[in-house]
Amino acid sequence: MPTDRAAPTLTPARFPLRRALVVSRPALWVNTVGTLVTGVWLTGRLYTLDAGVLALLAYLTLPFNLLIYGLNDLWDQEEDARSSRKGGWQGARLQVQEAAPLLRATLWWNLPALAGLSVLLPPAATLLLLASALLFAAYSLPPLRLKARPFLDGLSNVAYALPLALPALALGSPLPWWPLLALMSYSVGKHAFDAAQDIPADRAAGTRTVATTLGARGTAAYALTWFILASALLLPVSTLTALALLLTCGGMALRLLLRPTPEQAARLYPLSIITPWIVGAVAGVQLVYLLARGQWTGF
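Please read all numbers here as calculations on a predicted model, not as lab measurements.

Reading the values: the criteria
Residues numbered from 1 in each chain as written. Predicted model: local features only at pLDDT ≥ 70, side-chain atom pairs only at ≥ 80, totals over all residues. Heavy atoms only, no water. Helix = DSSP H or I, 4+ residues; strand = E, 2+ residues; numbered from the N terminus. Buried < 20%, exposed > 50% of the residue type's maximum accessible area, 1.4 Å probe, protein only. Contact = heavy atoms within 4.5 Å. Areas by Shrake-Rupley, 256 points an atom, 1.4 Å probe, with all protein chains shown as cover. Polar contact = N/O pair within 3.5 Å; in protein donor to acceptor, adjacent residues only side chain to side chain.

S.K.: Just to check I follow, could you spell out the overall build of the protein for this structure?
M.R.: Across its full length, the protein holds 14 helices and zero strands. Reading the secondary structure of the protein in the N-to-C direction produces α-α-α-α-α-α-α-α-α-α-α-α-α-α. Buried residues in the protein amount to 54% of all 299 residues. Sequence separation of 24 or more characterises 74% of the internal contacts of the protein that already satisfy a separation of 6 or more. Surface accessibility of the protein: about 13200 Å² in total, with carbon and sulfur atoms responsible for 69%.

What follows is the structure, given as C-alpha cells:
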C-alpha cells in the first residue's frame, strides 16, 4: 500500500505550511476559486477591485480547502488507510501525530479569516459563505457526519456551488439562478461518481455512502441523472456549455454504467478531476468574449 512520502516528522504543536498545502489538495482548488471567478464574470464584471471579492478569492484557496479536506482527512483516517489513491495528489494519508496539529491549523486558517470577511462582506454574502463552510464541516464531523448518510452525503455537496452566488451578493447584482442550480446538480452527481471508486474501502470501514448503497452500476446511473439535469439547467444560459458538460460528465458516467466496477471508476477519476477545467474553460471563453464585446451585462 502506498505511503504518504510528503508527511514530515511532526511535533504535536505544529503543522507545516507545506503539509497544509498537501492536505488542501491544490489540484482541486478550481472547484472553489474557479467557481468564485465565474460568479464574478456572471455579474457582468470581467474583473473587480472590490475588497470583499478579492478577500474571498484569497480565502477560497488554502484556508477554505483546508477546511474542506483537512476535516475530511481527520475523520476518514480508517477509510484512507485502505484507499490506494490516498497518500499523494488525490489526498493525504495522515499520521497519528498529525491529527491535533491539523485541527488547530484548520481553525487558525479559517476562524480569523471568516471573522474578517464578515466585516468586508454584506450580511447576505457572509451568511451564504458560513452556510457553505458549515455544510462542509457537517459532511465530515460527527454527530451529523453527512458523509456516512447515503444520499445526504451527495446532496450536502451543493456547498461547492454556493461560491458562485457570493460575487452577486457582494456586488449587489442579481443571483445567477440557472448556473447556480446547474452547478448544484453537477456537484451532487460528481460526488456520487467519485465515491464509486471507494466502495471497497468504505464497505470495509463500515461507512455507508450513496455509492455503497447503490453499488457501482446504480451509482453510475444516479450520477448520470444529475449530470443530465445539470446540462438541462444550463441550456437557458449557454447551449455550448450545456453540451460540454453532457459530453464530458455524462460520457464518463455512461462509461462507468457500461462497466460498473470500482476499478473502472478509479480509472475514470482523472477525467472527473479535469471536468471542471473543461466545462469551465468552455463557459469562461464564452463569457469573456461576450463581456469584451459588451454583449453580456449579467443577469
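S.K.: Is there a simple way to explain unusual backbone geometry in this structure?
M.R.: Negative phi is the rule for most residues except glycine; trans is the rule for most peptide bonds. At the junction of Pro142 and Pro143, the peptide bond is cis and its omega measures out at 10° in the coordinates. Assignment of secondary structure puts Pro143 in the loop between α7 (123-140) and α8 (152-155). Non-glycine residue Arg25 carries a positive phi angle of around 55°. Residue placement: Arg25 occurs in the loop between α1 (17-23) and α2 (33-42). In this structure, Arg145 is a non-glycine residue whose phi angle is positive, near 35°.

S.K.: So what exactly am I meant to see when it comes to the environment of Thr212 here?
M.R.: Within the secondary structure layout, Thr212 lies in helix α12 (residues 210-234). Of the polar contacts made by the side chain of Thr212, one reaches the backbone nitrogen of Thr209; its length is 2.8 Å.

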